[in-house]
Amino acid sequence: MDLDTPMGMAPMLGTARTGATILCCNCGSPIDGTSSAGAMCYDCIKLTVDISKTIPREAHIQFCRDCDRWLMPPNTWVNAAPESKELLALCLKRLRNITKVRIVNAEFIWTEPHSRRIKVKITIQDSVADGVLMQQSFEVVYVVGTQQCKDCAKSYTANVWRASVQVRQKVSHKRTFLLLEQLILKHQAHRDTINIKEEKGGIDFYFAHRNQAEAFLSFLKSVTPVFVKESRQLISQDNHTGDKSYKFNYSVEIVPICRDDLVALPLKLARSIGNITPLVLCHRIGTSVNLLDPSTLQTAEISSDVYWRAPFQPLAGTPDLVEFIVMDVEPTNVRKGKWVLSEVQVARAADLGVNDHTYFTKTHLGNLLHAGDSVLGYMLSGTNFNSSALDAIEGSRAFGSTIPDVILVKKYYPNRRRNRKRNWKLKRMAKDEGELLPKAADQAKMEAEYEMFLRDVEEDEELRAALALYKNTKKRQQQDADAMSIAETEMTGVDDGPKINMDELLDDFDELGIHE
């Protein structure tokens, strides 16, 4: 073979081709020259290049202390819990130039709650050269400032409401509003109100927006039969765009029939709701009026639409109740739920020692009454009622002879202390009384009605189930015990009133101290 013949050279086996190796211009470390950025190693790039230099390390966020909301510029207020995703998103949006880099991770760093500072650790990535990515972590401190939002500012300014709900009931007492107040507090239906004002015959609720008032109306319709009228008043109008601004007013009237009222139904209405006896008792008020015939235990209900189609007034109310003494009780086999039909012989408490006249009647309280007990009821014999419905009942052939002399309503506890100490309490709603400050006589009447409402809560388990009862604080119990210690020594009777079990009560966290 000729030695001058050209031949192909095969590469050596077991060797790999490598790029050019250069030295870092800063520290002298050997690096790959084909992939290096600016002839520097990765450690020197991290020391000399700052990808977060355009992002500020301190920012300010605004917080409303009245409604616990945060400002989302320019004029949006959002709800965000501490260290929540919503608050973290709000903090990131408050940083300038944060959108020019890629966010890898963001998390809160714990700070003292009273420091008014929020610390966030942010990890970002960015490209420093072709094919070279750099990751960096840094901390941002947010200074929490306080600013009142527009909605809260309106709540402290007069005549800034946009919708009002005027709740009225044409009765002589406030028992219905006491129950309605507890239902509103339990379901937090008043959380959107900017003012609550007590007026003659009812309460006015003011809202900043119309939809809040409509939501409150929906709640009222779900707890009591009401009749609603809507009206609006033009405030301003833009002639160029046609935009108009209104104030809305909703007039709400509650049915005048209350619990334990005596009702004389129109004969046509009594036939249409199950042919019930026209002379009945109202044993419950819910979304409809629930009626009970104490002589047969038959029940019926009148819906809100049926009542307002032909409204009528109750025949008698709780102020007309008379105390009777039970002489004899004979239960029957007729039962319906908690009621037991019984034949009772009673005498009026005011007639004891004067005459021996007694009355025989049927009642639904057979499981509660015993000989010698006191009971409250309506005296129909010898009482004149100005009612056309009762006159129609007396003149009818079917029901004229079924009218009893006495209708018993509920058991009465005469030995109950007037100012007894209770291991429970009810919260009250903060209301603006305005210029209608109650007189001394009216104040005494309101306190008596509230005491009667508390007694109804103690006696009725179904009523307690619908309310939120709280445990009385130890400090209040000690004050009540000191005040009652003298009164207890002077009393000779025994408190026979019903009591509420502690298991039914809730803890009032608003009044708990640090040691508790």
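Here the structure is a predicted model, which means the values were calculated and not measured.

Rules used in this analysis
Residues numbered from 1 in each chain as written. Predicted model: local features only at pLDDT ≥ 70, side-chain atom pairs only at ≥ 80, totals over all residues. Heavy atoms only, no water. Axes fitted to C-alpha atoms, helices over the stretch in contact; angles between N-to-C directions. Helix = DSSP H or I, 4+ residues; strand = E, 2+ residues; numbered from the N terminus. Parallel < 35°, antiparallel > 145°, perpendicular 65-115°, else oblique. Left-handed = near helix turned anticlockwise from the far one by under 90°. Contact = heavy atoms within 4.5 Å. Expected span 1.5 Å × (residues − 1). Buried < 20%, exposed > 50% of the residue type's maximum accessible area, 1.4 Å probe, protein only. Arc of directions from axis to C-beta. Polar contact = N/O pair within 3.5 Å; in protein donor to acceptor, adjacent residues only side chain to side chain. Pairing = 2+ DSSP bridges. Salt bridge = Lys/Arg side-chain N within 4 Å of Asp/Glu carboxyl O. Core = buried A, V, L, I, M, F, W, Y, C linked by side-chain atoms within 4.5 Å.

(A) A look at the packing of helix α4 (residues 175–187) against helix α5 (residues 210–223). At their nearest, the axes of α4 and α5 sit 11 Å apart, and the two run at 125° to each other. Comparing the axis directions of α4 and α5 gives the class oblique. Crossing angle aside, the handedness with which α4 passes α5 is right-handed. In this structure, α4 uses Leu 180, Leu 183, Ile 184 and His 187 to contact α5, whose residues at the interface are Phe 216, Phe 219, Leu 220 and Val 223.

(B) Spotlight on α5. Helix length check: α5, at 14 residues, gives a terminal C-alpha distance of 21 Å against a target of 20 Å (1.5 Å per residue), a fit within 8%. Along α5, the residues classified as buried are Gln 212, Ala 213, Phe 216, Leu 217, Phe 219, Leu 220 and Val 223. One side of α5 carries all its buried residues, which in axial view fall inside an arc of 160°. Its buried side turned inward, α5 meets β9 (163–168), α4, β11 (202–207), β12 (226–237), β13 (244–254) and β15 (279–285).

(C) Structural context of the side chain of Asn 290. Positionally, Asn 290 belongs in strand β16 (residues 288–293). At a separation of 3.3 Å, a polar atom in the side chain of Asn 290 contacts the main-chain carbonyl oxygen of Ser 288. The residues touching Asn 290, leaving out its near neighbours within four places in the chain, are Leu 281, Cys 282, His 283, Arg 284, Ala 300 and Glu 301.

(D) Broad picture of the sheet that holds strand β21 (residues 374–379). Overall, antiparallel pairing links the five strands, which are arranged β20-β19-β18-β21-β22 in an open sheet. Lying at the two open borders of the sheet, with one neighbouring strand each, are β20 (359–363) and β22 (406–412). Each strand axis lies, on average, 40° off the axis of its neighbour in the sheet, ignoring direction.

(E) Seen up close, the pairing of β12. With eleven bridges connecting them, β12 and β13 associate as antiparallel partners. Paired with Ser 236 across the two strands is Ser 245, which belongs to β13. Counted along the chain from β12 to the antiparallel partner β13, the turn is six residues long, and its residue Gly 242 has a positive phi close to 80°.

(F) A look at the sheet that holds strand β14 (residues 262–264). Ordered in space as β14-β15-β16-β17, the four strands form an open sheet in which the pairing is antiparallel. Lying at the two open borders of the sheet, with one neighbouring strand each, are β14 and β17 (298–303). Here the strands of the sheet are splayed against their neighbours by 40° on average, with no regard to which way each runs. The sheet contact formed by β16 and β17 spans six bridges and is antiparallel. Within β17, the residue paired with Leu 292 across the bridge is Thr 299.

(G) How the structure looks around the pattern of salt bridges. Across all of its chains, the model carries 15 salt bridges by this definition. The partner of Glu 214 in a salt bridge is Arg 210, with the nearest N and O atoms 3.2 Å apart. Residue Glu 214 and its partner Arg 210 are located together in helix α5, separated by four residues, close to a single helical turn. By relative accessible area, which is 34% here, Glu 214 ends up partly exposed. By sharing partners, the salt bridges in this structure join Arg 210, Glu 214, Glu 230 and Arg 232 into a single network.

(H) A look at α4. Taking 1.5 Å per residue as the helical rise, α4 with its 13 residues ought to reach 18 Å, and the 19 Å between its terminal C-alpha atoms agrees with that figure. The buried fraction of α4 amounts to ten of the 13 residues, a majority that puts the element mostly inside the structure. If you check which residues of α4 are buried, you get Arg 175, Thr 176, Phe 177, Leu 178, Leu 180, Glu 181, Gln 182, Leu 183, Ile 184 and Leu 185. Of the residues flanking the end of α4, it is Gln 188, one or two places downstream, whose phi is positive at about 55°.

(I) Structural detail: the pairing of β20. Residues of β20 alternate between two faces, with Tyr 359, Thr 361 and Thr 363 buried on one and Phe 360 and Lys 362 left unburied on the opposite face. Across five bridges, the pairing between strand β19 (residues 339–348) and β20 is antiparallel. Bridging across to β20, Ser 342 finds its partner in Thr 363.

(J) Region of the structure containing the environment of Arg 210. Taking relative accessible area as the criterion, Arg 210 reaches 29% and is therefore assigned partly exposed. Sequence separation between Arg 210 and Tyr 246 is 36 residues; the distance between their C-alpha atoms is 9.6 Å. With residues near it in sequence (within four places) discarded, Arg 210 still touches Ala 163, Glu 230, Arg 232, Phe 248 and Tyr 250. Reaching out from Arg 210, the side chain makes a polar contact with the side chain of Glu 230 at a distance of 3.0 Å.

(K) Structural context of the nonpolar core. Counting residues in each nonpolar core, the largest one holds 54 residues, and the members touching the most others are Val 165, Val 167, Phe 205, Leu 220, Leu 265, Leu 291 and Ile 302. Excluding anything up to four places from it in sequence, Ile 302 contacts Leu 265, Leu 269, Ile 273, Ser 288, Val 289, Leu 291, Tyr 307 and Phe 312. Formed by 32 residues, the second largest nonpolar core is a distinct cluster that contains Cys 44, Cys 91, Leu 92 and Met 134.

(L) Examining the environment of Ala 466 more closely. Within the secondary structure layout, Ala 466 lies in the loop between α10 (461–465) and β24 (470–471). Taking the C-alpha atoms as reference points, Ala 466 and Leu 179, 287 residues apart in sequence, are found 9.6 Å from one another. With residues near it in sequence (within four places) discarded, Ala 466 still touches Leu 183 and Lys 186.

(M) Structural view of unusual backbone geometry. Cis geometry is found at the peptide bond from Pro 73 to Pro 74, where omega equals 10°. Checked against the element boundaries, Pro 74 lands in the loop between β4 (69–72) and β5 (76–79). The backbone phi angle of Asn 97 is positive, close to 60°, even though this residue is not glycine. Among the secondary structure elements, Asn 97 is positioned in the loop between α2 (85–93) and β6 (102–109). Phi at Asp 260 is positive, roughly 75°, even though this residue is not glycine. Turning to its location among the elements, Asp 260 is positioned in the loop between β13 and β14.

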